[in-house]
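Chain and residue survey
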Amino acid sequence: MKTPAAAHACGVMLVLLSLPAVLQTTPAQKNVIDIYSLNVDSKVSSRFAHTVVTSRVVNRADTMQEAVFQMELPKKAFITNFSMIIDGVTYPGNIKEKDAAQEQYSAAVARGESAGLVKVTGRKMEQFQVSVSVAPAGKVTFELVYEELLKRHLGVYELLLKVRPQQLVKHLQMDIHIFEPQGISFLETESTFMTNELANALTTSQNETKAHIRFKPTLSQQQNSPEQQDTVVDGDFIVRYDVNRTLSGGSIQIENGYFVHYFAPTGLPTIPKNVIFVIDKSGSMDGKKIQQTREALIKILDDLSPKDQFNLISFSNEATQWKPSLVPASAKNVEEAKSYAASIHAQGGTNINDAMLMAVQLLEKANREELLLPGSVSLLLLLTDGDPTVGETSPTRIQKNVKDAINGKYSLFCLGFGFDVSYPFLEKLALENGGLARRIYEDSDSALQLQDFYLEVANPLLTNVAFEYPSNTVEEVTQDNFQLLFEGSEMVVSGKLQDQNPDVLSATVTGQLLMQNVTFQMESRVAEQEEEFRSPKYIFHGFMERLWAYLTIQQLLEKMVSASDAEKQALEIQALGLSLNYSFVTPLTSMVVTKPEGQEQSQVAEKPIENVRFPGMLHSFSSRQGLPGPLHFHHHSSFGRTLDSGLASMPAPPGLYEEFHEMDLALKEITQTVLPPAELPAPLHPLPSPASQLVLPAPGTSYAVPAPIQAPSVILPLPGQSVDRLCVDIKHSRGPMNLLSDPDQGVEVTGHYKRNKAQFSWIKVTFKKPQLQVHVSPEQVVVTRDRRSSAYKWKETLFSVMPGLVLTMDKAGLLLLSSPDKVTIGLLYWDGPEPGVRLLLQDTDRFSSHVGGTLGQFYQDVLWEPSAAADDSKRTLKVQGRDHPATREPKLDYQEGAPGTEISCWSVEL
């Protein structure tokens with residue numbers, strides 16, 4: 001393969017500063033720039049992921065065209081290489097110190113060449129864009145390589161990949177290889193774009209230590225429909241897994257002269273904690289933010305252990321404490337605290353300084369009075385959405401005041417709600433005091449984000465953890481002292497073996513558990529470990545050294561946040577040296593890529609800082625946004641039908657016709673500015689004009705209005721019986737109901753039925769194996785697995801495969817929970833005048849004889865008595881010795897979604 005000649009050095013430079021991976025074309029490029037091959041290859045070796053994205057495109061047009069390469073990758077990942085091969089010539093990327101690269105970039109800008117942009121596209125991802133001109137029939141190969149160390153979060157590792165070609169790709173393939181010497185304890189995949197057709201292109205193979213996941217769809221499988229050439233492959237592909245662990249909790253792995261030590265022991269009791277929640281209730285928290293904070297706080301309080309102690313401080317202009325001192329987390333105190341939390345209202349300014357000092361003083365007082373359990377852990381949790389505006393407002397002085405007050409005795413965790421708060425201020429405040437900071441994104445799942453963060457720190461296992469290795473065997477070891485180990489997390493230490501490798505690498509880990517010193521001893525045979533990583537083809541060889549460099553750089557960058565100016569300079573020099581030596585694009589380095597001479601564009605991709613607001617918070621909204629421009633209107637023919645069905649069942653209030661008539665005219669005006677006359681849609685509703693067409697009945701006229709056909713509360717399929725389905729109307733419900741419970745199937749379904757709305761306000765499905773809970777409401781779907789919760793919006797495509805269960809959701813809002821040997825449970829979003837959720841059941845012949853519950857009773861000891869001769873529309877249903885009158889009635893079948901279809905059904909009331 002040819003490399004560029006020296007003359008190309010004077011060509012246009014593309015400078016990629018901290019490149020934030022997935023190929024994407026703009027809609028205008030379809031049928032012109034053709035992606036004929038897209039490969040994503042990710043090798044995860046002992047938690048270290050090495051991902052290569054290779055895309056090949058060809059210009060099918062008769063003129064020069066621009067190929068745009070958009071990529072997304074995790075925020076914590078470092079790009080290590082990016083190159084373009086254009087007509088056989090390679091244009092490589094070179095890592096340089098940021099200042100040196102900036103000089104080249106500035107020179108390009110001075111020549112009048114434009115700059116590209118990098119943006120954050122979600123909570124976890126960053127995106128950058130590269131463009132290059134391609135001659136007719138010309139071909140370009142883009143290759144991006146990035147690496148990251150997967151972090152254990154609430155008991156799992158997660159690999160997130162974006163797949164977003166925006167066109168059908170002839171050769172589309174993803175390969176994910178995982179190798180974990182400790183053994184893979186569980187593995188699951190999830191996708192936001194998978195369909196039943198695409199699922200046939202997904203294969204997973206696994207043994208004790210290896211897993212291979214391949215996604216290789218054909219062109220027909222990628223198509224939206226046979227008539228459309230659009231692709232359905234557009235979104236996230238996620239792999240989650242964990243590894244086997246022992247009581248010793250440690251695994252030392254060695255490859256190519258470097259080692260990594262993972263530590264996450266099992267079977268340890270939880271250390272009691274003293275926790276003070278410091279909650280911002282200033283005016284800017286008003287509305288949904290304070291509502292979600294109250295909701296999260298109430299659930300968090302329920303998760304406190306009886307051995308814990310706690311208190312609440314709320315602040316605006318002034319700080320107010322709930323109780324004068326810490327109190328035990330008894331049932332009575334927790335209920336009182338929940339009532340207090342429910343009464344918090346937002347108003348006033350933001351006095352962070354006084355609130356934090358009050359919180360520290362509460363802990364100091366409890367310490368002096370010996371009210372804290374010896375060996376317990378004290379935590380401060382600060383939630384705020386803005387900068388300080390009352391009292392001490394200097395961020396620097398607040399940081400100093402808090403640091404002096406805490407004096408290394410307690411851990412502070414800071415949560416920044418939204419983007420009006422200075423995240424660097426909170427990050428430094430937390431890191432200086434043994435904690436960490438987290439962004440809480442303003443969205444429908446903000447309360448869930450708060451709960452999720454609390455769960456990360458809810459269960460301390462060890463304090464003052466230290467790793468020790470023989471001094472004559474290792475060197476250049478990463479951080480080896482940690483203040484706290486929490487359940488579900490993992491400590492990672494890496495280093496280099498000295499030149500004369502020992503036969504055995506031993507390690508001692510010490511920590512404290514309730515004032516008791518705990519010691520863990522472990523060792524690893526060097527030759528055996530080296531051999532284990534040497535032979536497999538499915539791992540990225542030499543990864544351990546890169547893992548060590550990656551971890552060292554990340555820790556140095558974190559230390560720089562809270563370091564003094566003198567310390568910061570030394571840390572920066574060290575981090576920069578490693579970034580250059582190992583070709584990592586970090587906040588301190590940049591990548592310079594040459595482009596063919598004469599191309600008039602140079603771009604800069606600079607790593608976005610955490611404190612900048614970005615659009616498209618959720619991955620589901622960040623798929624195909626173009627550059628800012630004129631407002632675009634899109635007409636969907638189904639919109640009018642949805643409006644009609646909603647109006648049909650509602651009485652018309654005064655002025656309704658006038659308002660909608662005006663709305664219809666306004667929409668016509670908008671549509672006429674967007675669509676040519678031939679494409680104008682029909683009016684939303686054939687509403688009469690207020691003066692001439694609305695005909696009212698004469699005074700005194702009486703007429704009967706037929707009652708609209710209603711959907712039943714639940715439709716139950718009854719296989720093997722004389723009646724194949726039963727419509728159940730719940731008329732006498734009070735509070736949450738046990739709908740279904742089958743201990744043999746390991747499933748339970750509960751729900752809350754609102755009689756006045758004839759809808760379920762929520763339904764919860766709980767599985768014992770796998771341990772999983774699905775809670776649905778009209779607002780969202782929440783899936784909880786092993787304390788880890790994920791929120792999804794209705795009608796988002798979802799396909800999740802886990803051991804023993806498949807969870808899918810389609811764009812119609814139907815969520816299915818299925819397993820080869822279990823009853824299939826469906827949960828449906830009902831988009832009627834009163835939004836709610838509905839329950840569907842399939843494969844009910846799989847219920848065991850032990851099934852019970854309000855609905856489960858109909859699946860055992862059921863007897864239909866014959867119809868009475870005089871009236872064949874009435875029968876009696878005997879269920880476990882009780883008689884239920886049943887009537888043949890017209891009902892709406894909701895199982896296909898709103899508005900439903902009319903059916904004839906035997907109905908019973910409960």
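Let me begin by describing the structure that accompanies this report. (Residues numbered from 1 in each chain as written. Predicted model: local features only at pLDDT ≥ 70, side-chain atom pairs only at ≥ 80, totals over all residues. Heavy atoms only, no water.)

Some points on the sheet that holds strand E30 (residues 481–486)
Hydrogen bonds between backbone atoms are what pair the strands of a sheet, whose relative direction is either parallel or antiparallel. Quick reminder of the rule: At least two bridges found by DSSP between two strands is the condition for calling them paired. Under the DSSP-based scheme used, a helix requires at least four consecutive residues in state H or I and a strand at least two consecutive residues in state E, with every element numbered from the N terminus. In this analysis an axis means a line fitted to C-alpha atoms, helices contributing only their contacting stretch, and an angle means the value between N-to-C directions, from 0 to 180 degrees. Contacts are residue-level and defined by heavy atoms, with any inter-residue pair within 4.5 Å sufficient.
With antiparallel pairing, the four strands of this open sheet are ordered in space as E30-E28-E32-E33. The open sheet terminates on both sides in strands that have one partner only, identified here as E30 and strand E33 (516–525). Strand-to-strand twist in this sheet, taken as the mean axis angle between neighbours without regard to direction, amounts to 30°. Bridge count between strand E28 (residues 460–468) and strand E32 (residues 504–513): four bridges; the pairing is antiparallel. Counted as the bridge partner of Ala466 is Thr510 from E32. Lying on the sheet, helix H10 (residues 526–534) is in contact with E32 and E33; it crosses E33 at an angle near 65°.

Some points on the pairing of strand E42 (residues 788–792)
The side chains of a regular strand alternate between the sheet's two faces. Filter applied, for reference: Accessibility here uses a 1.4 Å probe with only protein chains present; expressed as a share of the type maximum, an area under 20% marks a residue as buried, one over 50% as exposed, and anything in between as partly exposed.
Burial along E42 is one-sided: Arg788, Ser790 and Tyr792 are buried, while Ser789 and Ala791, pointing the other way, are not. Of the strand pairs in this sheet, strand E41 (residues 781–785) and E42 are connected by five bridges, and their pairing is antiparallel. Opposite Val781, over in E42, you have Tyr792 as the bridge partner. Taken together, E41 and the strand that follows it, E42, pair antiparallel across an intervening segment of two residues, in which Asp786 is found at a positive phi of about 50°.

Considerations on the pairing of strand E10 (residues 139–149)
Counting buried positions along E10 gives nine out of eleven residues, so the element sits mostly inside the fold. Summarising the sheet, strand E5 (residues 78–86) and E10 pair through eight bridges and their orientation is antiparallel. By the bridge assignment, Met84 is partnered in E10 with Phe142.

Remarks on the nonpolar core
Side chains that are nonpolar tend, in soluble globular proteins, to be buried together. Rule in force here: In this description, a nonpolar core means a group of buried Ala, Val, Leu, Ile, Met, Phe, Trp, Tyr and Cys residues linked to one another through side-chain atoms lying within 4.5 Å.
Judged by nonpolar contacts, the single largest core of 62 residues is most densely connected at Phe263, Phe277, Leu301, Phe310, Leu462, Val465 and Phe467. Those residues in contact with Leu301 that sit more than four places away from it in its chain are Phe277, Phe310, Val334, Ala337, Lys338 and Ala341. In terms of nonpolar packing, the next biggest core, distinct from the first, is built from 61 residues, Leu718, Leu798, Ile825 and Leu877 among them.

Thoughts on the pattern of salt bridges
Selection criterion: The salt bridge definition used is simple: a Lys or Arg side-chain nitrogen within 4 Å of an Asp or Glu carboxyl oxygen.
According to the stated counting rule, one finds 36 salt bridges in the structure shown. Linking Glu295 and Lys299 is a salt bridge whose minimum nitrogen-to-oxygen distance equals 3.9 Å. You can see Glu295 and its partner Lys299 sitting in helix H4 (residues 288–302), four residues apart, about one turn around the helix. With a shortest N-O distance of 2.7 Å, Glu336 and Lys332 are connected by a salt bridge.

Comments concerning the packing of helix H6 (residues 352–368) against helix H7 (residues 395–406)
Any two packed helices are characterised by the angle at which their axes cross and by the distance between the axes. Stated formally: Under this scheme an angle from 65 to 115 degrees is roughly perpendicular, one under 35 degrees roughly parallel, and one over 145 degrees roughly antiparallel; angles in between are oblique. Under this grouping Gly is polar, as are all residues other than the nonpolar Ala, Val, Leu, Ile, Met, Phe, Trp, Tyr, Cys and Pro and the charged Asp, Glu, Lys and Arg.
Interaxial distance between H6 and H7 falls to 10 Å at its minimum, and their mutual angle equals 5°. Between H6 and H7, the angle falls in the class roughly parallel. Where H6 abuts H7, its residues Ile352, Asn353, Met356, Leu357 and Val360 lie against Ile398, Asn401, Val402, Ala405 and Ile406. Its residues assigned to classes, the contact of H6 with H7 shows eight nonpolar, two polar and no charged.

Focus: the environment of Met356
Within the secondary structure, Met356 sits in helix H6. Measuring from C-alpha to C-alpha, the distance between Met356 and Leu381 comes to 9.6 Å, with 25 residues separating the pair along the chain. Those residues within four positions of Met356 in sequence are excluded, and the remaining contacts are Val278, Leu380, Leu382, Val402 and Leu412.

As for the packing of H4 against helix H9 (residues 446–457)
Note the following rule: Handedness of a crossing is defined here by the sense of rotation of the near helix relative to the far one, left-handed for an anticlockwise turn of less than a right angle and right-handed for a clockwise turn.
For the pair H4 and H9, the least separation of the axes is 8 Å and the interaxial angle reads 35°. Where H4 crosses over H9, the two elements pack in a sense that is right-handed. Of the residues in H9, those touching H4 at Gln292, Thr293, Glu295, Ala296, Lys299 and Ile300 are Ser446, Ala447, Leu450, Gln451 and Tyr454.

Looking at the state of the cysteines
Quick reminder of the rule: By definition, disulfides here are pairs of cysteine sulfur atoms that lie within 2.5 Å.
Under the defined criterion, the tally for this structure stands at one disulfide. What pairs with Cys727 in a disulfide is Cys905, and their sulfur atoms sit 2.1 Å apart. As the torsion about the S-S bond is roughly 115°, the Cys727-Cys905 disulfide counts as right-handed. Residue Cys727 is located in strand E36 (residues 725–729), and its partner Cys905 is located in strand E51 (residues 901–909); the two are separated by 178 residues in the primary sequence.

Comments concerning the side chain of Asp445
Structurally, the position occupied by Asp445 is in the loop between strand E27 (437–440) and H9. We classify Asp445 as buried; its relative accessible area is 9%. With residues near it in sequence (within four places) discarded, Asp445 still touches Arg123, Gln292, Gln780 and Ala791.

Notes on unusual backbone geometry
Residues Lys769 and Pro770 are joined by a peptide bond in cis, for which omega reads 0°. Of note, Pro770 is situated in the loop between strand E39 (759–767) and strand E40 (772–776). Backbone geometry places Ala137, a non-glycine residue, at a positive phi of 65°. For Ala137, a relative accessible area of 58% gives the class exposed.

As for the sheet that holds strand E12 (residues 171–179)
Strand order in the open sheet made by the eight strands is E6-E5-E10-E3-E2-E12-E15-E14, with mixed pairing throughout. Bordering the open sheet on either side are strand E6 (89–91) and strand E14 (202–206), each of which pairs with just one other strand. Recorded for the sheet is a direction-independent mean angle of 10° between the axes of neighbouring strands. Docked against the sheet, helix H11 (residues 543–562) engages strand E2 (33–45), strand E3 (48–59), E5 and E10, running at close to 70° with respect to E10.

Considering the packing of aromatic side chains
Filter applied, for reference: Two rings belonging to Phe, Tyr or Trp (six-membered ring only in the last case) form a pair when the distance between their centres is within 6.5 Å. Interplanar angles under 30 degrees mark stacking, angles over 60 mark edge-to-face geometry, and anything in between is tilted.
Considering all chains together, one arrives at 28 aromatic pairs under this definition. Geometrically, the ring pair formed by Phe259 and Tyr469 is tilted, given 5.1 Å between the ring centres and 55° between the ring planes. Taken together, the residues Phe259 in strand E20 (residues 258–263) and Tyr469 in the loop between E28 and strand E29 (474–475) connect sequence positions 210 residues apart. Look at Phe259 and you get buried, because its relative accessible area is 0%. With a relative accessible area of 13%, Tyr469 lands in the buried category. Ring geometry for Phe277 versus Tyr454: centroids 6.2 Å apart, planes at 45°, classification tilted. Taken together, the positions of Phe277 in strand E21 (residues 273–280) and Tyr454 in helix H9 put the pair 177 residues apart, joining distant regions of the chain.

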